[in-house]
Amino acid sequence: MRYHVYVLLCFMFFGIASKSQNSTITKTKPAYWQQHVDYKMDIVFDVNNYQYKGKQELTYTNNSPDELTRVYYHLYFNAFQPGSEMDIRSQTTPFPDSRIGDRIGKLKPDEIGYIKVNSLKQNGIDVKYETVGTVLEVDLDKPIQPGESVVFNMVFEAQVPVQIRRSGRNNNEGVALSMAQWYPKLAEYDFEGWHADPYIEREFHGVWGNFDVKLTIDKDYIVGGTGYLQNPNAIGHGYETGPVNRPAGETLTWHFKAPNVHDFTWAADPDYRHDTLKVPGGPVLHFFYKSTMAKEKLENWKNLQPKAVELMQFFSNNIGPYPYDQYSVIQGGDGGMEYAMCTLILGEGTFEGLFGVTAHEMAHTWFQFLLATNELKHYWMDEGFTEYFGELAESHIFQTDFSQTSKGVYDLYRSLALSGKEQPQTTHADRFNLRQAYSISAYYKGYVFLAQLAYVIGQENQEKTIKKYFRDFAFTHPVPNDIIRTAEKVSGLELDWYLMDFTQTTNTIDYGVKAVEGRRITLERIGLMPMPIDLTVTYTDGTSEDFYIPLRIMRGAKPTSATQLEDWAWAYPTYTFETKKPVRSVEIDPKGLMADIDLRNNRS
Ligand SMILES: [Zn+2]
């Protein structure tokens, strides 16, 4: 009690003091900044033992306002060793990913993955470093000052693991090398500090920059991946632009450059077939798939190609133009995963499966690659928005009913919300109790966020929001506030409640029709999450009328042709209004765009 009095007095004193000085303190936060990397790598690969030696010169520019005394690198391949965090987490989680299970624990020394750092210099001077699981911790020789660039020279050696997840060798479809997250990769430092997350199960975050990669590998291997090949006529293999003139020897050195990316991925196989197809006015699409597959599988890959052109056009038109000159769809060894200017996907499924995974992974070029949210923190903006646009593109190309797809997705979200197993979308991707809760939250609740945004601000405003979000935030690391602020700017509405309740809590939406008496309709809010209400009233004379009840804290209304009523303040559990004619029935949200968890009370 005395403490409170003291605090109150302090307040009063400070208040008087600052008034008497009659001065104004204006504080500004630093504007947006992001770090920058320029990688030069020289890699010599031995296809007999799946080991490679690398030299990496990394020019790192500190655009932050902070002095840095340490840096961190990801060494992702170290996850594929018995006893790693990925191994133990997989063996101790209730429903592990069957692709991982206890497989890592059984890897023999010549089957594990590793990246060993042999030396590291900062501006020519050795620095102290320590490998801690999948992260290299580096104590700098000299702090890096704001605005300063330093050069790190690293020598490393590595071994490709037998394929467990995403990356690896000799997978079930027989692809020799799926090389994702294969090099020492600098961790990102941003306004939230370092993101030196260990590789436990989930995905990635990287620093924007440029890559210059020379890869020396057996001359029979065909390589696809990130970056433009600089020496196509010394390579051939479907890249040539004129007569092929290969140097003598058992190996070829492939020279790739990739500008403005935050990752570099490749895959290689001696049996790859390599096709290309140009998107009119857009990039050249490259396809790499095993020529040894059954005839009908090869046909699937041929049929995929014109559809991939349509996908590229759809995403470019509806989100923002694809900014590179090349995109590659590559048969890899594990599901599908998005990378810079390419994707690695399983290749032996049905045509529908092949098309579906290509649609999803290509959509990731926009959501996570160009709009580079941290996948470990904001997976719902990555997987959810991608799932939404992948399905939207698919329904556009095959003329199917998108609302039916959405209905299924909303139902999946409802099943999670009602299960008691939901964790808020602010949970780190690796720290979900249940994998399925992560998946539904990331893919389907993320999808619902975007689909439902069209309900909240109107379809046209939702579409404008996506395009503006791309224009304003491509090539950066957007965070959740960026998408909602974009929606606010486009719609003129206040929407912080939508981001907060839906993504930062597990509050649910439940509105119901409480009573209909003659011309009087009473609705009730049962769930904690606020929403505006669309409803359709059918009168006793058989006609119907659409109504719209704005939510008071939105401080406005979406554009609508419905009859607009007084707004509804969230704290009031019920809302009553009168119609002009006697009512037969009432239905809340007849289009099913609101993620109401109990639909039984939505009609009278
Ligand atoms: Zn995905």
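Scroll up for the structure.
Below: a short report on this structure. Within each chain, residues carry numbers counting from 1 in the order of the written sequence. In view of the model being predicted, local features appear only for residues whose pLDDT reaches at least 70, and side-chain atom pairs are presented and counted only at 80 or more, with totals across whole chains, interfaces and linings using the full set of residues. Side-chain calculation: all heavy atoms of the structure are included, whereas hydrogens and water are not.

## A word on the coordination of the zinc ion
Only nitrogen, oxygen and sulfur atoms qualify as donors, provided they sit within 2.8 Å of the metal or within 3.2 Å for Na, K and Ca; with water excluded from the atoms, sites may seem incomplete. All of the protein donors around the zinc ion are His-360 (NE2), His-364 (NE2) and Glu-383 (OE); their distances to the metal are 1.9 to 2.1 Å. Donor residues for the zinc ion sit on one chain with the sequence pattern H-x3-H-x18-E. In this pair, His-360 is assigned in helix α4 (residues 351–363) and Glu-383 in helix α5 (residues 379–398), connecting sequence segments 23 residues apart. Glu-383 carries the same exposure label as His-360, and that label is buried. The helix count covers DSSP runs of H or I at least four residues long, the strand count covers runs of E at least two residues long, and both are numbered beginning at the N terminus. Throughout, exposure labels follow a simple rule: accessible area from a 1.4 Å probe, protein chains only, divided by the maximum for the residue type, with under 20% read as buried, over 50% as exposed, and the rest as partly exposed.

## Examining the pairing of strand β24 (residues 511–517)
Along any regular strand, the residues point their side chains to alternate faces of the sheet. Here β24 runs beside strand β25 (residues 520–525); their pairing, made up of six bridges, is antiparallel. Its bridge partner being in β25, Val-513 is matched across the sheet by Leu-523. The hairpin turn running from β24 into β25, its antiparallel successor, is two residues long, and Gly-518 in that turn takes a positive phi close to 65°. Only when DSSP finds a minimum of two bridges between them are two strands counted as paired.

## Thoughts on the packing of aromatic side chains
Two rings from Phe, Tyr or Trp (for Trp, the six-membered ring) form a pair when their centres sit within 6.5 Å of each other. Planes less than 30 degrees apart are called stacked, planes more than 60 degrees apart edge-to-face, and all others tilted. Under the definition given, this model contains 56 aromatic pairs. Residues Tyr-511 and Trp-568 carry aromatic rings whose centres are separated by 5.2 Å and whose planes lie at 75° to one another, so their mutual orientation is edge-to-face. Of this pair, Tyr-511 sits in strand β24 while Trp-568 sits in the loop between β28 (563–564) and β29 (574–578), placing them 57 residues apart in sequence. Positioned over the ring face of Tyr-438 is Arg-202, at 3.8 Å from the centre of the ring. Whether a charge sits over a ring comes down to the Lys NZ or Arg CZ being within 6 Å of the ring centre and within 35 degrees of the ring normal. Seen from the ring of Phe-502, Lys-445 lies directly overhead, with NZ or CZ sitting 4.7 Å from the centre.

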